[in-house]
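# Structural features, examined
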Amino acid sequence: MPVWSSLWQGSSGTPELQEKTLVIVKPDAVQRRLVGDVIQRFERRGFKLVGMKLLQADRDILDKHYHQLRQKPFYPALLAYMSSGPLVAMVWEGYNVVRSTRAMVGDTNSAEAKPGTIRGDFSMHVSRNVVHASDSVETAHREIGFWFHRHELVAWECGDREYTYGP
Ligand code: UDP
Ligand code: MG
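Right, let's walk through the structure included here. All figures in this text were calculated on a predicted structure; none of them were measured in a lab. (Residues numbered from 1 in each chain as written. Chains lettered and ligands numbered in written order. Predicted model: local features only at pLDDT ≥ 70, side-chain atom pairs only at ≥ 80, totals over all residues. Heavy atoms only, no water.)

### Brief notes about the sheet that holds strand 4 (residues 131–133)
If you trace the four strands from one edge of the open sheet to the other, you get 2-3-1-4, paired in antiparallel fashion. Because the sheet does not close on itself, it has two edges, and the strands there are strand 2 (48–55) and strand 4. Recorded for the sheet is a direction-independent mean angle of 15° between the axes of neighbouring strands. Lying on the sheet, helix 2 (residues 35–45) is in contact with strand 1 (20–25), strand 2, strand 3 (87–93) and strand 4; it crosses strand 3 at an angle near 5°. (Pairing = 2+ DSSP bridges. Helix = DSSP H or I, 4+ residues; strand = E, 2+ residues; numbered from the N terminus. Axes fitted to C-alpha atoms, helices over the stretch in contact; angles between N-to-C directions. Contact = heavy atoms within 4.5 Å.)

### Re the nonpolar core
Val25, Val38, Phe42, Met90, Trp92, Ile118 and Val130 are the most contacted members of the largest nonpolar core, which totals 22 residues. Secondary-structure elements contributing two or more residues to this core are strand 1, helix 1 (27–31), helix 2, strand 3, helix 5 (97–105), helix 6 (118–122) and strand 4. The element best represented in this core is helix 5, accounting for four residues. Beyond its immediate sequence surroundings of up to four residues, valine 25 is in contact with Val30, Val35, Val38, Leu87, Val88, Met90, Val130 and Val131. Within the second largest apolar cluster, 19 residues are counted, among which are Ile24, Val50, Tyr66 and Val91. (Core = buried A, V, L, I, M, F, W, Y, C linked by side-chain atoms within 4.5 Å. Buried < 20%, exposed > 50% of the residue type's maximum accessible area, 1.4 Å probe, protein only.)

### Examining helix 2
Considered for burial, the residues of helix 2 that qualify are Val38, Ile39 and Phe42. The arc enclosing the buried residues of helix 2, seen along the axis, measures out at 95°, which places them on a common side. In this structure, helix 2 carries Glu43 and Arg44 as exposed residues pointing more than 90 degrees from its buried face. Among the structural elements, strand 1, strand 2, strand 3, helix 5, helix 6 and strand 4 are those in contact with the buried residues of helix 2. Positive phi appears at glycine 46, one or two residues downstream of helix 2, with a value of about 115°. (Arc of directions from axis to C-beta.)

### Let's talk about the pattern of salt bridges
For the coordinates displayed, the defined rule picks out six salt bridges. Across the salt bridge formed by glutamate 152 and lysine 53, the nearest N and O atoms sit 2.9 Å from each other. Separated by 99 residues along the polypeptide, glutamate 152 in the loop between helix 7 (137–147) and helix 8 (161–164) and lysine 53 in strand 2 bring together distant segments of the chain. On the basis of relative accessibility, which here comes to 27%, the residue glutamate 152 falls in the partly exposed class. Overlapping salt bridges, with partners in common, bring together Lys20, Lys48 and Glu93 in one network. (Salt bridge = Lys/Arg side-chain N within 4 Å of Asp/Glu carboxyl O.)

### Quick notes on the layout of surface pockets
Space inside the largest pocket adds up to approximately 610 Å³. In this structure, the largest pocket is lined by 25 residues; those nearest its centre are Tyr66, Leu69, Leu78, Thr108 and His132. Residue assignment for the lining of the largest pocket shows that the elements contributing at least two residues are helix 3 (59–65), helix 4 (75–82), strand 4 and helix 7. Ranked by residues supplied to the lining of the largest pocket, first place goes to helix 7 with four residues. (1 Å grid on protein atoms, 1.4 Å probe; cavity = no way out; pocket = protein on both sides within 12 Å on 5 of 7 lines; lining within 4 Å. Points joined across faces, edges and corners; volume = space filled by probe spheres on them.)

### Considerations on the packing of aromatic side chains
Applying the stated criterion across every chain yields a total of one aromatic pair. Ring geometry for phenylalanine 42 versus tryptophan 92: centroids 5.5 Å apart, planes at 35°, classification tilted. Within this pair, whereas phenylalanine 42 is found in helix 2, its partner tryptophan 92 is found in strand 3, the two being separated by 50 residues in sequence. Relative accessible area serves as the criterion here: at 0%, tryptophan 92 is assigned to the buried category. A cation sits over an aromatic face here: lysine 48 above tryptophan 156, 5.5 Å from the ring centre. Above the plane of the ring of phenylalanine 148 lies lysine 53, whose end atom (NZ or CZ) is 4.7 Å from the centre. (Phe/Tyr/Trp six-rings, centres within 6.5 Å; stacked < 30°, edge-to-face > 60°. Lys NZ or Arg CZ within 6 Å of the ring centre and 35° of its normal.)

What follows is the structure, given as structure tokens:
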């Protein structure tokens, strides 16, 4: 089992059901009152919300979060956008949550994002694409560590587990 799988586990359940991912409702979406719409999609899918906060991101956290993009020409504009107002950072948990969430979010380029995805339904330009979602389990582990302290993640039992995963 990879090291990160043993971290931040819930109180019960098998590790594969406890995969976690970071989702950020970006500042454009907060301004456009889309926070509820985004949360609703993950809730309805069956994923479990285990962490959530509204905050104004500072340069330090955004530099860490987007470290791999620092040489890109759009990087200064991306940081200005991401610090333009409050955002909502969330951690969602569940079976294959990283892969499923990326599919629900849609293509980075909003024009390519399929209808039915969050970006395909709510965004038309890559520079204002409504949400962030971690792109791998490893990335998710690292990103969750940037945005959340361990004690801010809540391990709780879903009452509907038998109906969403089976016994
Ligand atoms: N981005 C941008 N212009 C581009 C490519 C990316 O402004 O040409 C921004 C956009 O907000 C995107 C973020 O940079 O969501 C991170 O880029 P990445 O390629 O990681 O896309 P994502 O993982 O968000 O789909
Ligand atoms: Mg990315």
